[in-house]
Amino acid sequence: MEHIRCLIIGSGPAGYTAAIYASRANLNPVLYAGIQPGGQLTTTTDIENFPGYPEGINGTEMMDQLRKQAERFGADLRSGIVTGADLSKAPYRITIDGETELETDTLIIATGASAKYLGLEDEAKYAGMGVSACATCDGFFYRGKNVAVVGGGDTACEEALYLSSLAKQVYLIVRKNYLRASQVMQDRVMNTPNIKVLFEHNTLGLFGDNGVEGAHLVKRKGEPDEEKVDIAIDGFFLAIGHKPNSDVFKKYLETDEVGYIKTVAGTPKTNIPGVYAAGDVADPIYRQAVTAAGSGCKAAIEAERYLSEHGL
Ligand code: NDP
């Protein structure tokens, strides 16, 4: 069985940054790219808030550069998906694609999180053309325009408030007749003049010839008095929650009720020595490329310390 000193799972900013640091520290890291090589950023358009890119950079291009940077220092980058993990004792055993078994002294889990979508065909049709799951990433492109945010939790309220300072009009599409968000967030939303909350509304589809130009909604779906309404919007933002990609490790690692891997505050350390979690899989709060990259760096430094302390 192949023995690895530092195995990194995931190829977003956390995974690649861990690979850059680990390879420069001679840990001979192996990185498996996972289901979506390059991670969530490959589904956004331009990234304008990552330091060092004054003109902004396309998400796919940025991930390509991170990949090349990791390769330059000798990281072994492979395609494959983790399908099994035995973290009961070190070295830890990992199964790739249901067949290849590896053992590793240290493990950096950077498998990210996936934004939840409604499941409408139009979400895929208009991906990158008006549909987004990240207001902080894409809100800037909607200055002075009309947008809608779907969801009634804290994320949806936060995204609606963020967008309200950029966009002309923000619709908050809420399926129930109340918001689930904390009271303070609800109050802020209700007191913002350019946010209109559409309670008991569901989205049926989107329309537009050159990107999103509007959404077909239905009020009180399924009730005899249901009512169809169209709204004119340029951007459609999903904020109905994220799912951290931690299922395969859950048997061994402590997670919160949603599935985010718990780490020791301020570090990427999990409850298992030598196993680290970096990026969105362990971050329900910030979820930014730059914070993910920072935690990937920390994870590689911790892996290096662990290996040297254990003489590995
Ligand atoms: P939540 O699970 O809290 O809320 C999801 C929202 O999306 C709910 O309003 C839910 O509706 C709605 N929703 C889910 N599926 C659909 C669907 N198919 N169609 C329409 N609406 C749907 O997720 P959040 O991401 O908002 O928050 C996650 C956690 O993070 C929470 O604990 C939250 O408090 C916390 N958080 C805290 C922040 C802060 O304190 N600043 C900021 C952001 C998040 P319904 O209510 O009907 O189920």
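An unreviewed UniProt entry lists the chain under the name Thioredoxin reductase, with Porphyromonas macacae given as the organism. Check the Catalytic activity (unreviewed entry) section of the UniProt entry for the chain; it says "[thioredoxin]-dithiol + NADP(+) = [thioredoxin]-disulfide + NADPH + H(+)". Under the Sequence similarities (unreviewed entry) heading, UniProt states for the chain: "Belongs to the class-II pyridine nucleotide-disulfide oxidoreductase family."

Chemist: Can you help me understand the pairing of strand β15 (residues 214-219) in this one?
Modeler: Remark: a regular strand shows side chains that alternate across the two faces of the sheet. Pairing analysis gives six bridges linking strand β14 (residues 201-207) to β15, with the strands arranged antiparallel. Each bridged residue has a counterpart across the sheet, and for Thr203 the counterpart in β15 is Leu217. Here β14 folds back onto β15 in antiparallel fashion, the turn holding six residues, of which Gly208 has a positive phi close to 150 degrees. As paired strands, β15 and strand β16 (residues 227-232) are joined by six bridges and run antiparallel to one another.

Chemist: Just to check I follow, could you spell out the sheet that holds strand β17 (residues 235-238) for this structure?
Modeler: Each strand in a sheet pairs with its neighbour through backbone hydrogen bonds, running either in the same direction (parallel) or in the opposite one (antiparallel). The strand order across the open sheet built from five strands is β10-β17-β11-β12-β13, with neighbouring strands paired in parallel fashion. Both outer strands of the open sheet, β10 (131-132) and β13 (195-198), are each paired with one neighbouring strand and no more. Sheet analysis places strand β11 (residues 146-150) next to β17, joined by four bridges and oriented parallel. In the strand pairing of β17, Val150 is matched with Leu238.

Chemist: Can you walk me through helix α6 (residues 183-190) in this structure?
Modeler: Each α-helix turn comprises 3.6 residues. Residues three or four places apart therefore point the same way. Turning to α6, its buried residues are Met185, Gln186 and Val189. Within α6, the buried residues cover an arc of 100 degrees as seen down the axis, which keeps them to one side. In this structure, the buried residues of α6 make contact with α5 (154-164), β12 (169-173) and β13.

Chemist: I keep staring at the site of the ligand and nothing clicks. Help me out?
Modeler: Taken together, the neighbourhood of the ligand is formed by Leu118, Gly151, Gly152, Gly153, Asp154, Thr155, Glu158, Arg175, Lys176, Arg180, Ile240 and Gly241. Within the backbone of Gly152, an N or O atom sits 2.8 Å from an oxygen atom of the ligand. Within the side chain of Thr155, one N or O atom sits 2.6 Å away from an oxygen atom of the ligand. If the ligand stood free it would expose 920 Å²; the protein chains cover 67% of that surface.

Chemist: Even after reading the chapter, I still don't get the nonpolar core, so can you show me in this structure?
Modeler: In globular proteins that are soluble, nonpolar side chains generally tend to be buried together. Membership of the largest hydrophobic core comes to 54 residues, with the highest contact counts inside it found for Leu7, Leu87, Ile94, Leu107, Ile108 and Phe249. Per element, the largest residue contribution to this core is eight residues, and it comes from helix α7 (residues 289-309). Excluding residues within four positions of it along the chain, Ile108 makes contact with Cys6, Leu7, Ile8, Ile9, Ala18, Tyr276, Ala278, Ala299, Ala300 and Ala303.

Chemist: Explain the environment of Tyr32 here, please?
Modeler: Structurally, the position occupied by Tyr32 is in strand β2 (residues 30-32). Each C-alpha atom of the pair Tyr32 and Leu66 lies 14 Å from the other, and the pair is 34 residues apart in sequence. When residues no more than four places from it in sequence are discounted, the contact partners of Tyr32 are Leu7, Ile8, Ile9, Gly10, Arg78, Ser79, Gly80, Ile96 and Leu102.

Chemist: Which parts of the structure should I look at to understand helix α1 (residues 13-24)?
Modeler: Given a rise of 1.5 Å per residue, twelve residues ought to cover 16 Å, and the 16 Å separating the end C-alpha atoms of α1 matches this to within 8%. Within α1, ten of the twelve residues are buried, which leaves the element mostly enclosed by the surrounding structure. On its buried face, α1 sits against β1 (2-9), β2, α2 (59-72), β5 (76-78), β8 (100-109) and α7. Taken from the residues just after α1, Asn26 is the one with a positive phi, measuring 60 degrees.

Chemist: Help me understand the pairing of strand β7 (residues 92-96) in this model?
Modeler: Among the five residues in β7, four count as buried, and that is most of the element. Across four bridges, the pairing between strand β6 (residues 82-86) and β7 is antiparallel. Counted as the bridge partner of Asp86 is Arg93 from β7. Between β6 and β7, which pair antiparallel and follow one another directly, the connecting turn spans five residues. Bridge count for β7 against β8 is five bridges, and the pairing is antiparallel. When the sheet's bridge partners are listed, Thr95 is paired in β8 with Glu101. The antiparallel hairpin formed by β7 and β8 contains three residues in its connecting segment, where Asp97 sits at a positive phi of about 50 degrees.

Chemist: Explain the packing of aromatic side chains to me, please; I cannot follow it from the model alone.
Modeler: Aromatic rings in a pair are described by how distant their centres are and how their planes are angled relative to each other. In total, this model carries two aromatic pairs according to the counting rule given. Centre to centre, the rings of Tyr142 and Phe237 are 5.5 Å apart; their planes meet at 80 degrees, and the pair counts as edge-to-face. With Tyr142 in the loop between α4 (135-138) and β11 and Phe237 in strand β17, the pair connects residues that are 95 residues apart, well separated along the chain. The pair Tyr142 / Phe237 is uniform in exposure class, with both members buried. Sitting over the ring of Phe73, Arg24 keeps its end group 5.1 Å from the ring centre. For Arg143, the ring lying beneath its charged end belongs to Phe140, and the centroid distance is 3.9 Å.

Rules behind the numbers
Residues numbered from 1 in each chain as written. Predicted model: local features only at pLDDT ≥ 70, side-chain atom pairs only at ≥ 80, totals over all residues. Heavy atoms only, no water. UniProt positions renumbered as here; feature names shortened; annotations may be inferred. Pairing = 2+ DSSP bridges. Helix = DSSP H or I, 4+ residues; strand = E, 2+ residues; numbered from the N terminus. Buried < 20%, exposed > 50% of the residue type's maximum accessible area, 1.4 Å probe, protein only. Arc of directions from axis to C-beta. Contact = heavy atoms within 4.5 Å. Near = heavy atom within 4 Å. Polar contact = N/O pair within 3.5 Å; in protein donor to acceptor, adjacent residues only side chain to side chain. Areas by Shrake-Rupley, 256 points an atom, 1.4 Å probe, with all protein chains shown as cover. Core = buried A, V, L, I, M, F, W, Y, C linked by side-chain atoms within 4.5 Å. Expected span 1.5 Å × (residues − 1). Phe/Tyr/Trp six-rings, centres within 6.5 Å; stacked < 30°, edge-to-face > 60°. Lys NZ or Arg CZ within 6 Å of the ring centre and 35° of its normal.

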